[in-house]
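# Structure at a glance
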Amino acid sequence: MDAHLYDTLDVVTDGLRVQLEYQPRANYSLVLSGIPFIRAVVVHNESGVELPSIQVAARLAVPGSTQSVVWSRQIAGPHAPDSVSRLDRQADFVE
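Residues numbered from 1 in each chain as written. Predicted model: local features only at pLDDT ≥ 70, side-chain atom pairs only at ≥ 80, totals over all residues. Heavy atoms only, no water.

### Side note on a nonpolar patch on the surface
Worth spelling out the cut-off: Within the patch definition used here, like charges are joined within 9 Å and nonpolar side chains (Val, Leu, Ile, Met, Phe, Trp, Tyr) within 5 Å, considering only residues with over 30% relative accessible area and no salt bridge. Per-residue accessibility takes into account occlusion by the displayed protein chains alone, with areas from the Shrake-Rupley method and a 1.4 Å probe. The term salt bridge refers to a side-chain nitrogen of Lys or Arg lying within 4 Å of a carboxyl oxygen of Asp or Glu. Helix and strand definitions follow DSSP, with helices as H or I runs of at least four residues and strands as E runs of at least two, each counted in order from the N terminus. With a 1.4 Å probe rolled over the protein chains alone, any residue whose accessible area is under 20% of its type maximum counts as buried; one over 50% counts as exposed, and the rest are partly exposed.
On the surface, a nonpolar cluster with roughly 300 Å² of combined accessible area is contributed by F37, L60, V62 and V69. Along the chain, L60 turns up in strand 4 (residues 51-61). L60 sits in the partly exposed class, given a relative accessible area of 36%.

Structural data, given as structure tokens:
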């Protein structure tokens, strides 16, 4: 059932593949049920080189609001070529 609640956005840039597992139809009842809007951020190092750390940043625009929510995390390294890092604890998404 869990797999049907989330969609995956997959973006490749500068040798990094970033996958965002998110709830596309978030609403208040899902929040009250403990279902997170973002389940995970997965970063694949496809650059071919070791990276000392990876900085992930996102901006969430909320319809009807003039303010957006900004989130960022640094994933400590080193990150070997072809390695995968996953942020999936609820505490990873709290500012």
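After that view, the rundown keeps rolling.
### What about the side chain of S85?
Going by this rule: Polar contact is defined as a pair of N or O atoms within 3.5 Å, subject to the rule that within protein one atom must be able to donate a hydrogen and the other to accept it, and that residues adjacent in sequence are counted only when both atoms are side-chain atoms. Pairs of residues are marked as contacts when any of their non-hydrogen atoms sit within 4.5 Å.
Here S85 shows up in strand 6 (residues 84-87). Of note is the side chain of S85, whose polar atom sits 3.2 Å from the side chain of H79. Residues contacting S85, with those up to four places away along its chain left out, are V41, V42, V43, I75 and H79.

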